[in-house]
2 protein chains.
Amino acid sequence: MKRILISGFGTVGQGFCEVLSLRKDWLMERYGEVPVVVAAMDSKTVAKCPEGLDPLALVERKQTSRKVGEETYSDSLEVLGSVDFDILVEVSPTDIKTGGVGLKNIEYALSHGKDVITVNKGPLALEFNKLMTLAKDNGCRIRFEGSVGGAMPIINLCHENLAAEKIRSVRGIFNGTCNFILSKMDNGQPFEQALKEAQQLGYAETDPTNDVEGYDTAAKVAILANAVFHRDVKFSDVKITGITGITPEAIAQAASRNMVIRLIGEISETKLEVSPRLIPRDHPLGISGTLNIALIEADLAGPITIKGRGAGRIETASAIFSDLVAILDGRAEKLC
Amino acid sequence: MKRILISGFGTVGQGFCEVLSLRKDWLMERYGEVPVVVAAMDSKTVAKCPEGLDPLALVERKQTSRKVGEETYSDSLEVLGSVDFDILVEVSPTDIKTGGVGLKNIEYALSHGKDVITVNKGPLALEFNKLMTLAKDNGCRIRFEGSVGGAMPIINLCHENLAAEKIRSVRGIFNGTCNFILSKMDNGQPFEQALKEAQQLGYAETDPTNDVEGYDTAAKVAILANAVFHRDVKFSDVKITGITGITPEAIAQAASRNMVIRLIGEISETKLEVSPRLIPRDHPLGISGTLNIALIEADLAGPITIKGRGAGRIETASAIFSDLVAILDGRAEKLC
């Protein structure tokens with residue numbers, strides 16, 4: 001019976017608990033047992049029980065008291081050291097500057113031979129190859145499908161389904177918030193107003209810097225460059241232009257040529273770039289709304305396009321759950 | 001060292017040999033050895049060598065002499081019985097009425113504990129559950145990514161990446177020939193002329209019945225219903241309408257409403273249908289040309305769209321090769 005420690009109990013951590021609960025019978029039928037959550041931490045508190053905690057009770061406690069546990073802690077690594085677990089689900093907030101507590105947690109787990117599933121872009125965009133080496137040295141699995149594109153399959157699609165392809169390039173829309181804003185601007189709204197609407201709908205955060213300056217897309221671009229192209233790059237290597245400078249005039253000029261402006265992330269052997277680009281309105285990358293999309297150029301299979309929901313409580317949790325299932329199935333490769 | 005027997009040496013069998021050759025160094029680097037082709041059969045001749053045949057020499061002999069081997073045979077099962085092999089790559093022509101020699105070959109291989117990779121739609125559309133049971137009873141793998149959508153990943157995407165999803169429905173364009181013809185009709189060509197152009201370009205066969213009557217799409221619909229929805233259906237259960245009855249007037253009427261007509265395959269718990277449908281021009285299913293596309297509705301991940309090349313020598317071979325790599329990686333599940 002696999003024991004899970006969840007670090008981070010915001011939207012995605014809670015969504016993961018909901019999916020675990022939704023799929024309890026399915027897990028029992030498929031594996032004859034259900035993995036248990038032996039600990040769950042938010043930024044200040046922790047709930048622990050070696051026999052397993054009720055995932056939905058954790059969600060309820062968090063939503064009513066804003067705390068997932070009754071015990072407080074100061075050092076997350078002390079918590080990790082005090083719990084017997086097999087899999088770390090690391091979903092604490094992304095810190096793109098330092099990797100934050102997520103990086104420390106993942107390093108600790110891998111060093112101690114634990115498998116890791118994460119959607120935390122900070123550690124992956126900053127220290128990808130260090131983490132893979134740690135996983136290899138300790139014979140662990142590290143999986144991160146949800147870190148790019150949310151519920152849109154792309155990491156494992158490239159790693160597994162397209163394992164034998166030489167991927168020439170990946171171009172895509174990896175930030176639904178920017179795409180929502182740009183889609184609104186297509187209809188004549190100025191940037192500030194489109195941003196406000198995105199914030200009201202919960203698509204953009206109060207401080208939208210990470211999204212609109214292109215940093216979130218750049219983190220995903222860095223992850224794809226390392227994971228799919230086996231390059232050795234860091235977040236700081238990505239050439240980034242955000243969407244804050246895009247004027248209604250630029251949008252109108254694009255429209256007059258039957259084009260739209262979209263924030264595109266592009267990765268190839270030589271490219272590593274996030275920038276607003278002119279896209280023909282009927283091109284696949286000209287999509288409107290919050291969906292994510294990726295155009296993968298493979299040498300044998302040719303062009304492959306994948307599209308799906310790039311964010312969302314249950315959607316992102318479903319990507320984490322798919323990584324868990326791959327580990328339980330024995331399909332997930334140990335990096336040795 | 002895995003020993004491969006290839007049955008069927010048309011376009012796809014030859015393409016597979018070319019991919020094997022192209023990826024020789026890659027295989028050596030990844031596995032420390034390269035699988036060998038110990039036998040290759042076309043409809044009348046066979047080439048055999050326990051130490052392995054040169055894949056490219058097989059292709060050359062087939063192209064110059066129209067025969068893959070110098071030895072003739074009358075019963076394919078006698079050939080299978082006379083060769084020591086681990087994996088059958090079954091790519092003989094689809095016989096949608098009886099399953100043909102492909103069905104016999106696959107049954108023989110599975111009964112004898114051999115793994116099978118196939119893109120032959122006949123056996124899968126007619127006897128899917130019988131073949132899965134055979135594989136289970138004998139602890140073998142049977143994989144068939146290329147049977148639906150060619151190089152567009154869909155079977156393993158649903159089976160593996162989306163293993164934990166409840167797939168609500170799959171709707172898609174699974175026949176590039178019909179889509180090419182319908183796209184040409186959008187531009188005012190009558191059916192017969194569009195078909196002729198498809199034949200001249202090699203997209204349609206001399207006898208186009210299988211494509212234009214919807215039988216090819218229906219075979220894929222039956223495969224998806226069994227494989228993804230775990231239903232127990234046969235080709236004959238699919239409700240089929242082809243595209244031969246579509247008039248220029250119908251196309252024009254659709255166009256006046258900003259719609260196009262596309263041949264859609266749809267599978268759900270209750271649906272099993274191939275029919276021409278009115279699709280809004282800017283809907284994902286409104287694509288033009290020979291690409292395949294599938295819209296997958298998943299309960300947790302939400303809508304996922306995948307698009308790629310549904311046919312082609314190297315493209316279809318790349319799907320077979322991806323199944324081979326999954327087996328060599330140990331990612332392919334034995335059905336036990």
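Our structure's up above, just so we're on the same page.
### A word on the nonpolar core
Here is a general trend for soluble globular proteins: nonpolar side chains tend to be buried in one another's company.
No. 1: Counting 162 residues, the largest nonpolar core has A:Ile142, A:Ile154, A:Val170, B:Ile142, B:Ile154 and B:Val170 as the members making the most contacts within it.
No. 2: Core analysis: the second largest hydrophobic core is formed by 34 residues, B:Ala40, B:Val68, B:Val91 and B:Val119 among them.

### Quick word on the relation of the copies chain B and chain A
No. 1: Least-squares fitting of chain B to chain A yields an RMSD of 0.0 Å, with the superposition described by an axial translation of 0.0 Å and a rotation of 180 degrees. Taken together, the rotation and translation relating the two chain copies correspond to the operation of a two-fold axis.

### Side note on the environment of A:Thr305
No. 1: One can find A:Thr305 in strand β13 (residues 302-309).
No. 2: Considering only alpha carbons, one finds A:Thr305 and A:Arg171, 134 residues apart in sequence, at a separation of 9.7 Å.
No. 3: Aside from chain neighbours lying at most four places away, what touches A:Thr305 is A:Ile293, A:Ala294, A:Leu295, B:Thr305, B:Ile306 and B:Lys307.

### Structural notes on helix α13 (residues 313-329) of chain B
In an α-helix, one turn spans 3.6 residues, which is why side chains three or four residues apart end up on the same side.
All names here are of chain B.
No. 1: Under the 1.5 Å per step criterion, the end-to-end length of α13 is 24 Å for 17 residues, consistent within 8% with the ideal 24 Å.
No. 2: Along α13, 14 of the 17 residues are buried, which leaves the element largely enclosed by surrounding structure.
No. 3: Taken from the residues just after α13, Gly-330 is the one with a positive phi, measuring 80 degrees.

### Quick word on the interface of chain B and chain A
No. 1: Taken together, the contacts link 36 residues of chain B with 36 residues of chain A.
No. 2: Of the roughly 3,000 Å² buried between chain B and chain A, counting both surfaces, carbon and sulfur atoms make up 56%.
No. 3: The largest per-residue losses of area from chain B upon contact with chain A belong to B:Arg23, B:Leu300 and B:Arg331, which jointly make up 22% of the total buried on that side.
No. 4: There are two salt bridges connecting chain B and chain A.
No. 5: Linking B:Arg23 and A:Asp299 is a salt bridge whose minimum nitrogen-to-oxygen distance equals 2.7 Å.
No. 6: Our enumeration of links across chain B and chain A arrives at eight residue pairs in polar contact (both at pLDDT 80 or more).
No. 7: Elements supplying a minimum of two residues to the side of chain B that touches chain A: α1 (11-22), α2 (24-31), α7 (155-161), β13 (302-309) and α13 of chain B.
No. 8: Here the residues of the side of chain B that touches chain A sort into 18 nonpolar, eight polar and ten charged.

### Re the packing of helix α8 (residues 176-186) of chain B against helix α9 (residues 191-200) of chain B
Residues and elements named next belong to chain B.
No. 1: Relative to each other, α8 and α9 sit at 130 degrees, their axes nearing to 9 Å. Considering their axes alone, α8 and α9 lie oblique with respect to each other. Pair α8 / α9 crosses with right-handed handedness. Within the contact between the two elements, α8 uses Phe-180, Ile-181, Lys-184 and Met-185 and α9 uses Phe-191, Ala-194, Leu-195, Glu-197 and Ala-198.
No. 2: Among the residues forming the contact of α8 with α9, the class breakdown is seven nonpolar, no polar and two charged.

### Digging into the pairing of strand β3 (residues 45-53) of chain B
No. 1: In the sheet, strand β2 (residues 36-41) of chain B pairs with β3(B) via four bridges, with the strands oriented antiparallel. Bridge pairing in β3(B) links B:Ala40 to B:Ala47.

### What to know about the sheet that holds β13(B)
No. 1: With respect to topology, twelve strands assemble into an open sheet ordered β9(A)-β11(A)-β10(A)-β8(A)-β12(A)-β13(A)-β13(B)-β12(B)-β8(B)-β10(B)-β11(B)-β9(B), the strand pairing being mixed. Since the sheet does not close on itself, it has two edges, and those belong to β9 (239-240) of chain A together with β9 (239-240) of chain B, each with one partner.
No. 2: Both β13(A) and β13(B) contribute to a ladder of three bridges, which runs antiparallel. Among the inter-strand pairings, A:Lys307 is bridged to a residue of β13(B), identified as B:Thr305.
No. 3: Here helix α12 (residues 248-256) of chain A sits on the sheet in contact with β10 (259-268) and β11 (272-280) of chain A, set at roughly 95 degrees to β10(A).
No. 4: Lying on the sheet, helix α12 (residues 248-256) of chain B is in contact with β10 (259-268) and β11 (272-280) of chain B; it crosses β10(B) at an angle near 95 degrees.

### Looking at the sheet that holds strand β2 (residues 36-41) of chain A
Residue and element names in this part refer to chain A.
No. 1: Taken in spatial order, the seven strands line up as β4-β3-β2-β1-β5-β6-β7 in an open sheet, and their pairing is mixed. Among the strands making up the open sheet, the edge pair consists of β4 (71-72) and β7 (142-143).
No. 2: Note that strand β3 (residues 45-53) and β4 share two bridges and pair antiparallel. What sits directly across from Thr-45, in β4, is Thr-72.
No. 3: The strands touched by helix α1 (residues 11-22) are β1 (3-7), β2 and β5 (87-90); relative to β1, the strand with the most contacts, the crossing angle is about 155 degrees.
No. 4: The sheet contacts of helix α13 (residues 313-329) involve β1, β5, β6 (115-118) and β7, and relative to β6 the element is tilted by about 160 degrees.

### Regarding the pattern of salt bridges
Residue and element names in this part refer to chain A.
No. 1: Applying the stated criterion across every chain, the model contains 40 salt bridges over all chains.
No. 2: For the salt bridge of Lys-121 with Asp-216, the shortest nitrogen-to-oxygen distance reads 3.4 Å. Of this pair, Lys-121 sits in helix α6 (residues 121-137) while Asp-216 sits in helix α11 (residues 215-227); the two residues are 95 residues apart in sequence, bridging distant segments of the chain.
No. 3: By relative accessible area, Lys-121 is classed as buried at 16%.
No. 4: By sharing partners, the salt bridges in this structure join Glu-266, Lys-271, Glu-273 and Arg-277 into a single network.

### Some points on the packing of aromatic side chains
All names here are of chain A.
No. 1: One pass over the full model with this rule turns up ten aromatic pairs over all chains.
No. 2: On the basis of an interplanar angle of 90 degrees and a centroid distance of 5.5 Å, the ring pair of Phe-128 and Phe-144 is categorised as edge-to-face. Of this pair, Phe-128 sits in helix α6 while Phe-144 sits in the loop between β7 and α7 (155-161), placing them 16 residues apart in sequence.
No. 3: Looking at Phe-144, the relative accessible area reads 3%, which means it is buried.
No. 4: Ring pairs connect the aromatic residues Trp-26, Tyr-31 and Phe-321, which therefore count as one cluster.
No. 5: Its end group placed over the ring of Phe-85, Lys-114 keeps NZ or CZ at 5.2 Å from the ring centre.

Rules used in this analysis
Residues numbered from 1 in each chain as written. Chains lettered and ligands numbered in written order. Predicted model: local features only at pLDDT ≥ 70, side-chain atom pairs only at ≥ 80, totals over all residues. Heavy atoms only, no water. Core = buried A, V, L, I, M, F, W, Y, C linked by side-chain atoms within 4.5 Å. Buried < 20%, exposed > 50% of the residue type's maximum accessible area, 1.4 Å probe, protein only. Least-squares fit on C-alpha atoms with pLDDT ≥ 70 in both. Helix = DSSP H or I, 4+ residues; strand = E, 2+ residues; numbered from the N terminus. Contact = heavy atoms within 4.5 Å. Expected span 1.5 Å × (residues − 1). Buried area = accessible area lost by both parts, 1.4 Å probe. Salt bridge = Lys/Arg side-chain N within 4 Å of Asp/Glu carboxyl O. Polar contact = N/O pair within 3.5 Å; in protein donor to acceptor, adjacent residues only side chain to side chain. Nonpolar A, V, L, I, M, F, W, Y, C, P; charged D, E, K, R; others polar. Axes fitted to C-alpha atoms, helices over the stretch in contact; angles between N-to-C directions. Parallel < 35°, antiparallel > 145°, perpendicular 65-115°, else oblique. Left-handed = near helix turned anticlockwise from the far one by under 90°. Pairing = 2+ DSSP bridges. Phe/Tyr/Trp six-rings, centres within 6.5 Å; stacked < 30°, edge-to-face > 60°. Lys NZ or Arg CZ within 6 Å of the ring centre and 35° of its normal.

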